[in-house]
Amino acid sequence: MDEQEMLRAAIPPLLAWFHQNKRELPWRTGRTPYTALVAELMLQQTRVEAVKERYVLFLERFPTAESLAAADEEEVLKFWEGLGYYSRARNLHKAAKIIAREGFPQTWVGLRALPGVGDYTAGAVASIALGLPAPAVDGNVLRILTRFFADGRNIAQDGTKKYFSRLLEGVYPPETADFTEALMELGATVCVPNGPPTCGACPWSDRCKAHLAGEEERYPVRTEKRARRVERLLVYVLRQGKKYAIRKRPAKGLLAGLWEFPNEPAEGASSPQGAGTVVAVREAKHIFTHVEWHMTGYLIEVGPSQAQEGLVWATAEEVRTRYALPSAFKAFMEWIE
Ligand code: SF4
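The shown structure was predicted, so the numbers you read here are calculated from the model rather than taken from an experiment.

1. Here we look at the domain arrangement of the protein
(1) Moving on: Each domain of the protein was delimited in the assignment, giving domain 1 (3-218) and domain 2 (229-336).
(2) Moving on: Of note, the centres of domain 1 and domain 2, computed from C-alpha atoms alone, are 30 Å apart.
(3) Moving on: Opposite the nine residues of domain 1 that make contact, domain 2 presents twelve residues.
(4) Moving on: Of the roughly 840 Å² buried at the junction of domain 1 and domain 2 (both faces included), carbon and sulfur atoms supply 51%.
(5) Moving on: Contact with domain 2 buries surface across domain 1, with Val-109, Arg-112 and Ala-113 losing the most and accounting together for 49% of the total.
(6) Moving on: Residues Arg-112 and Glu-283 are paired through a salt bridge, measuring 2.4 Å at the closest nitrogen-oxygen approach.
(7) Moving on: Remark: the boundary between domain 1 and domain 2 carries two residue pairs in polar contact (both at pLDDT 80 or more).

In structure tokens:
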């Protein structure tokens, strides 16, 4: 049995277990796409117990994206008290304004473009609230799956997350919300991170390879290797008709004087949606000797009035031949070719 078949066969027992054992959590009733987004943002880096009460109070005050969008930031932050990581509240507030203006995104790409929404949150909301077969792979899911397959892949490497995301994508059942939540629930209550998992209560104990070998705690494998500094960048491929915006890098430093797509450090960056309409998002990595660029690229349609200082507008042909962007941006060149 290959891995997809093995996983597909394991879904019905997982869903049956979930229906019988799921915890009652406030965000599981009366759910809308907006409330699912609020819950997922609150749950980032925060324990379920700490979120429960804050979630209820927050939604009593801001029951819809419109009500949140209309509120003062001060008040929003007040209702976030106790949860920490206030940038999440600011991002949620910005996201609510976008949603109030443009409607709730209907695709993973649209969700991913909202401020504060990464791959995991986009997958969680897309599958839980929009019925899309979009995996939400975090440390919990990686732990469960590496144990299930007794897979020694290093979970500290980006490729591992991608590998398991693809595997999940290929098997998503029609009950997308239940499947995503069942995996989360299994990771939170049974296949737990600290201490041995309680395999006796697990719906997969008859097929989990690590358990059958008595080696649950050998997985996941995690080997940190951090020789290079990681810089996270947002890269904007701005398209206006048949032309693309590029600019010249500073005369000193990395890739000095070469051309590039406009970009900025991800830390503190504002929403790319402000610049125009995001039509695609993709991740890319480029490794230099001492630095790694972890880039999130946005292909954005902009209107004619949005010319900005320092930008040169060039056709695809010109970008390719005349300006010759460094290979660090190769992944995004595919959009213009
Ligand atoms: S059998 Fe044990 S190790 Fe395997 S998935 Fe279930 S809880 Fe985790």
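On we go.
2. Focus on the layout of surface pockets
(1) Moving on: The calculated volume of the second largest pocket comes to roughly 540 Å³.
(2) Moving on: Along its surface, the second largest pocket is lined by 25 residues, and Leu-43, Val-48, Tyr-120, Asp-138 and Asn-140 are the ones closest to its centre.
(3) Moving on: Going through the elements one at a time, helix H2 (33-43), helix H8 (119-129), helix H9 (139-148) and helix H11 (176-189) are the ones with two or more residues in the lining of the second largest pocket.
(4) Moving on: Looking at which element gives the most residues to the lining of the second largest pocket, the answer is H11, with five residues.
(5) Moving on: Looking at the lining of the second largest pocket residue by residue, the class counts come to twelve nonpolar, five polar and eight charged.

3. Brief notes about empty space enclosed by the protein
(1) Moving on: Across all of its chains, the model carries three cavities of 30 Å³ or more by this definition.
(2) Moving on: Computed from the structure, the largest cavity encloses a volume of approximately 110 Å³.
(3) Moving on: Together, 15 residues line the largest cavity, and Arg-147, Cys-191, Cys-199, Cys-202 and Cys-208 are the ones closest to its centre.
(4) Moving on: Among the residues forming the lining of the largest cavity, the class breakdown is ten nonpolar, three polar and two charged.

4. Thoughts on the pattern of salt bridges
(1) Moving on: This model, assessed by the stated rule, comprises 23 salt bridges.
(2) Moving on: Among the ionic pairs, Glu-215 bridges to Arg-218, the shortest N-O distance being 3.0 Å.
(3) Moving on: Residue Glu-215 is classed as partly exposed on the basis of its relative accessible area of 30%.
(4) Moving on: Close ionic contact of Glu-334 with Arg-282 constitutes a salt bridge, the shortest N to O distance being 3.0 Å. Highlighted residues: Glu-334 in helix H14 (residues 330-336) and Arg-282 in strand S5 (residues 277-287), separated in sequence by 52 residues.
(5) Moving on: Looking at Arg-282, the relative accessible area reads 29%, which means it is partly exposed.

5. Considerations on the nonpolar core
(1) Moving on: Grouped together as the largest cluster of nonpolar side chains are 35 residues, with contacts concentrated most on Leu-37 and Phe-58.
(2) Moving on: Looking at this core, the elements that each hand over two or more residues are H2, helix H3 (48-61), helix H4 (65-69), helix H5 (73-79), helix H6 (87-102) and H8.
(3) Moving on: Leave out the neighbours within four places in its chain, and Leu-37 touches Leu-92, Ile-99, Phe-104, Leu-114, Val-117, Thr-121 and Val-125.

6. Quick look at the pairing of strand S2 (residues 243-248)
(1) Moving on: Of the strand pairs in this sheet, strand S1 (residues 229-240) and S2 are connected by two bridges, and their pairing is antiparallel. Across the sheet, the residue bridging to Gln-240 is Lys-243, located in S2.
(2) Moving on: Hairpin connection, S1 to S2: the antiparallel pair is bridged by two residues, and Gly-241 has positive phi, about 65 degrees.
(3) Moving on: Relative to strand S7 (residues 312-315), S2 runs antiparallel, the two sharing four bridges. Paired with Lys-243 across the strands is Thr-315, a residue of S7.
(4) Moving on: Relative to strand S3 (residues 259-260), S2 runs antiparallel, the two sharing two bridges.

7. Some thoughts on the site of the ligand
(1) Moving on: The full set of residues close to the ligand is Arg-147, Val-190, Cys-191, Pro-197, Cys-199, Cys-202, Ser-205, Cys-208, His-211 and Glu-216.
(2) Moving on: Mapping the ligand onto the cavity grids shows that it belongs to the largest cavity.
(3) Moving on: Looking at side-chain class alone, the shell around the ligand contains six nonpolar, two polar and two charged residues.

Rules used in this analysis
Residues numbered from 1 in each chain as written. Predicted model: local features only at pLDDT ≥ 70, side-chain atom pairs only at ≥ 80, totals over all residues. Heavy atoms only, no water. Domains from an automatic or database assignment. Contact = heavy atoms within 4.5 Å. Buried area = accessible area lost by both parts, 1.4 Å probe. Salt bridge = Lys/Arg side-chain N within 4 Å of Asp/Glu carboxyl O. Polar contact = N/O pair within 3.5 Å; in protein donor to acceptor, adjacent residues only side chain to side chain. 1 Å grid on protein atoms, 1.4 Å probe; cavity = no way out; pocket = protein on both sides within 12 Å on 5 of 7 lines; lining within 4 Å. Points joined across faces, edges and corners; volume = space filled by probe spheres on them. Helix = DSSP H or I, 4+ residues; strand = E, 2+ residues; numbered from the N terminus. Nonpolar A, V, L, I, M, F, W, Y, C, P; charged D, E, K, R; others polar. Buried < 20%, exposed > 50% of the residue type's maximum accessible area, 1.4 Å probe, protein only. Core = buried A, V, L, I, M, F, W, Y, C linked by side-chain atoms within 4.5 Å. Pairing = 2+ DSSP bridges. Near = heavy atom within 4 Å. Sits in = over half its atoms within 2 Å of the grid points.

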